[in-house]
Amino acid sequence: MARTIDYGNLMHAAMRGLIRKILSDVQRDGLPGEHHFFITFDTLHPDVEIADWLSDRYPGEMTVVMQHWYDGLEISDEGFSVTLNFGETPEPLYIPFESIRTFVDPSVEFGLRFESQEGEGDGAAMIEIDDGAEDEEGAEPAPKEAEIVSLDKFRK
């Protein structure tokens, strides 16, 4: 039986651990300086918990912004819960780390993207995001240009 190292899944686990560490630090100390996060996640993931009106409005994928106002940030090994403001309506969310598709901090042009290659196992890519105009907290931001560096070119 041929054994291989599953680099894609190892990278995903490491990247999710990084997100967990970042959010744990924010839970303890708050967001430092101009840091803020755009977090895109799969709304169809079985463990995601969002209001019905949000899942109706964002079937499949949603991007939330953690910046000026957020409340009740709690981190677990599997995910995080937070209350965000959607047009003056506070809504609690639970987002499993496994459901995250992108995690971006445009204040320092840092981002992670989780990709899955059909038939090839999971792959991972890092992205850099241009620091553009900031969007309303909790609202889906406008798309930003990104340079994507895929790990696929390192596969044999």
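As shown above, the structure is provided for reference.
Attention in this report is confined to the structure presented alongside it. (Residues numbered from 1 in each chain as written. Predicted model: local features only at pLDDT ≥ 70, side-chain atom pairs only at ≥ 80, totals over all residues. Heavy atoms only, no water.)

## What about unusual backbone geometry?
We note that Glu-88 has phi near 75°; this positive angle belongs to a residue other than glycine. Note on placement: Glu-88 falls in the loop between β4 (79–86) and β5 (89–96). Judged by relative accessible area, Glu-88 falls into the exposed class, the value being 69%. For Glu-109, which is not a glycine, the phi torsion comes out positive at approximately 55°. (Helix = DSSP H or I, 4+ residues; strand = E, 2+ residues; numbered from the N terminus. Buried < 20%, exposed > 50% of the residue type's maximum accessible area, 1.4 Å probe, protein only.)

## A word on the pairing of β4
Within β4, seven of the eight residues are buried, which leaves it mostly tucked inside the rest of the structure. In this sheet, β4 lies alongside strand β3 (residues 70–75) in antiparallel orientation, the contact comprising four bridges. When the sheet's bridge partners are listed, Glu-74 is paired in β4 with Ser-81. Summarising the sheet, β4 and β5 pair through eight bridges and their orientation is antiparallel. Each residue of the ladder has a partner; that of Asn-85, found in β5, is Pro-90. Where β4 folds back on β5, the antiparallel hairpin that results is connected by two residues, among which Gly-87 adopts a positive phi of roughly 60°. (Pairing = 2+ DSSP bridges.)

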